[in-house]
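# Remarks on the overall topology
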Amino acid sequence: TLDLHSNLQRKIIYAFPFNIEFDALETIFHENGDTVDKFIILESNYSAYGDSKPRRLHEKLQNDSSYLKKFREKIVYIFLDHFPEDGRKDGWIADRHIRASLGTLGVKSIINTLSPHDIILVTDIDEIISRETILKLKSKNLPSEPFGMDFYRSIYGYFWRLPEPTRTVNGCTIKMLKYAFDFDTYALRDWQMSRRKIQVEEYVTLFNISNKVFYFPRAGWHCSWCFTPENIAIKLISAQNGDFPRWGDYPEKRSIIYIKNNIKNGLWFDGKSLDAVNLNMLDPDFAPQHVLKNFKKYEHIIRNKYENEAL
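Residues numbered from 1 in each chain as written. Predicted model: local features only at pLDDT ≥ 70, side-chain atom pairs only at ≥ 80, totals over all residues. Heavy atoms only, no water.

## Observations regarding the state of the cysteines
Per the stated rule, a full pass over the model turns up one disulfide. Between the sulfur atoms of Cys-223 and its disulfide mate Cys-226 the distance is 1.9 Å. Handedness of the Cys-223-Cys-226 disulfide follows from its S-S torsion of about -80°: it is left-handed. Taken as a pair, Cys-223 and Cys-226 share a single burial class, namely buried. (Disulfide = S-S within 2.5 Å. Buried < 20%, exposed > 50% of the residue type's maximum accessible area, 1.4 Å probe, protein only.)

Structure, rendered in structure tokens:
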């Protein structure tokens, strides 16, 4: 790795959109609440599909003063009060708008409190960055920009581990986000497309751009679809209209019994095996410590509850 801005104590800004992912949200805060400086959380009253929906996190924060109480001052809550034109017809328009707003609305709202060398991390909420990785980012060594992360990848619960990690480009300095991406956090995540628009030669004096992105190995956990069956059904109908097949359009796929059977047998919505390893919770990298320490609360994503049930 390359040494950029050595001996500087950087602020870390951790940004993601929210829908129904309370388990992941609480895990992120308990994993990194003391190491991250600001959490930018974007919530809308529209799903990624364009349907009206409740602002579940807003309601929780308003109605329960104890919820995430010790972290409240670090939360930058962004309300996205509209759905983009043509977003329902083309779901990728909606996806881009939601992700970009983390920067154009979120980072911009606190830019006067940030320094050029501070770090922005743009993730999906189910991509949980480990505390160890955050501490590395706060230290003196920073890889070339932008950088990415490899996450352990699980489906339905930490017990179904896929062999290949999730790999995303998700981080850069505030300086790069401002001058290279014009605060467009979607462009950061979509780096391979963005770099075609950026004349790299013009930026070599500003950023340490490499032809090969550096990825932090074992950077955390991507626990995808890690919900109760009921919330998986909500996620199915909330999905944007572009990432086909859109399984929420098929009523039989939203059946709770059908979803439980998928979880039980490690099957995807096309009926095929996930080809996942049935991971033992004693594995040292099984899940974040907060999840393991609260077995009763997170039992549905720690063990396969339907493994021995007749469905």
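## Here's the deal with unusual backbone geometry
Residue Glu-145 is joined to Pro-146 through a cis peptide bond whose omega torsion reads -15°. Note that Pro-146 resides in strand β6 (residues 145-155). The backbone phi angle of Arg-218 is positive, close to 50°, even though this residue is not glycine. Note on Arg-218: relative accessible area 57%, which makes it exposed. The residue Asp-275 is not glycine, and still its phi comes out positive at about 55°. (Helix = DSSP H or I, 4+ residues; strand = E, 2+ residues; numbered from the N terminus.)

## Overview of the side chain of Gln-240
As for its position among the elements, Gln-240 is in the loop between α8 (229-238) and α9 (256-265). Among the polar contacts made by the side chain of Gln-240, one reaches the main-chain amide nitrogen of Gly-242 at a distance of 2.9 Å. Those residues in contact with Gln-240 that lie beyond four places of it in its chain are Ala-48, Tyr-49, Gly-91, Trp-92, Asp-95 and Arg-246. (Polar contact = N/O pair within 3.5 Å; in protein donor to acceptor, adjacent residues only side chain to side chain. Contact = heavy atoms within 4.5 Å.)

## A closer look at the environment of Arg-153
Along the chain, Arg-153 falls in strand β6. Through-space distance from the C-alpha of Arg-153 to that of Pro-165 is 5.2 Å; in sequence the pair is 12 residues apart. Here Arg-153 is in contact with Trp-160, Arg-161, Leu-162, Glu-164, Pro-165, Thr-166 and His-222, once residues within four sequence places are set aside.

## A few points about the layout of surface pockets
Taken as a whole, the second largest pocket spans an internal volume of roughly 270 Å³. Lining the second largest pocket are 17 residues, and of these Ser-130, Glu-132, Arg-218, Trp-221 and Asp-285 lie nearest its centre. For the lining of the second largest pocket, the elements supplying multiple residues, two or more each, are α4 (131-138) and β9 (209-224). In terms of residue count, the dominant contributor to the lining of the second largest pocket is β9 (five residues). In terms of residue class, the lining of the second largest pocket is built from seven nonpolar, four polar and six charged. Counting the residues that make up the lining of the second largest pocket, at least three belong to each of domain 1 (12-221) and domain 2 (227-301). (1 Å grid on protein atoms, 1.4 Å probe; cavity = no way out; pocket = protein on both sides within 12 Å on 5 of 7 lines; lining within 4 Å. Points joined across faces, edges and corners; volume = space filled by probe spheres on them. Nonpolar A, V, L, I, M, F, W, Y, C, P; charged D, E, K, R; others polar. Domains from an automatic or database assignment.)

## Notes on helix α1 (residues 22-32)
Among the 11 residues of α1, nine are classified as buried, and the element is accordingly described as predominantly covered. Where α1 is concerned, the buried positions are Asp-23, Ala-24, Leu-25, Glu-26, Thr-27, Ile-28, Phe-29, Glu-31 and Asn-32.

## Some words on the packing of aromatic side chains
The geometry of two aromatic rings is summed up by the distance between their centres and the angle between their planes. Evaluation of the coordinates by the stated rule reveals 19 aromatic pairs. Summarising the aromatic geometry, the rings of Trp-225 and Phe-269 are spaced 5.4 Å apart at their centres and angled 55° between planes, so their arrangement reads as tilted. Here Trp-225, found in the loop between β9 and α8, pairs with Phe-269, found in the loop between α9 and β10 (277-278); they are 44 residues apart in sequence, far enough to count as distant. One aromatic cluster in this structure is built from Tyr-156, Trp-225, Trp-247, Tyr-250, Tyr-258, Trp-268 and Phe-269. A cation over an aromatic ring shows up here: Lys-60 above the ring of Tyr-67, its NZ or CZ 5.1 Å from the ring centre. A cation over an aromatic ring shows up here: Lys-235 above the ring of Trp-225, its NZ or CZ 4.9 Å from the ring centre. (Phe/Tyr/Trp six-rings, centres within 6.5 Å; stacked < 30°, edge-to-face > 60°. Lys NZ or Arg CZ within 6 Å of the ring centre and 35° of its normal.)

This is a description of form; function is not addressed.
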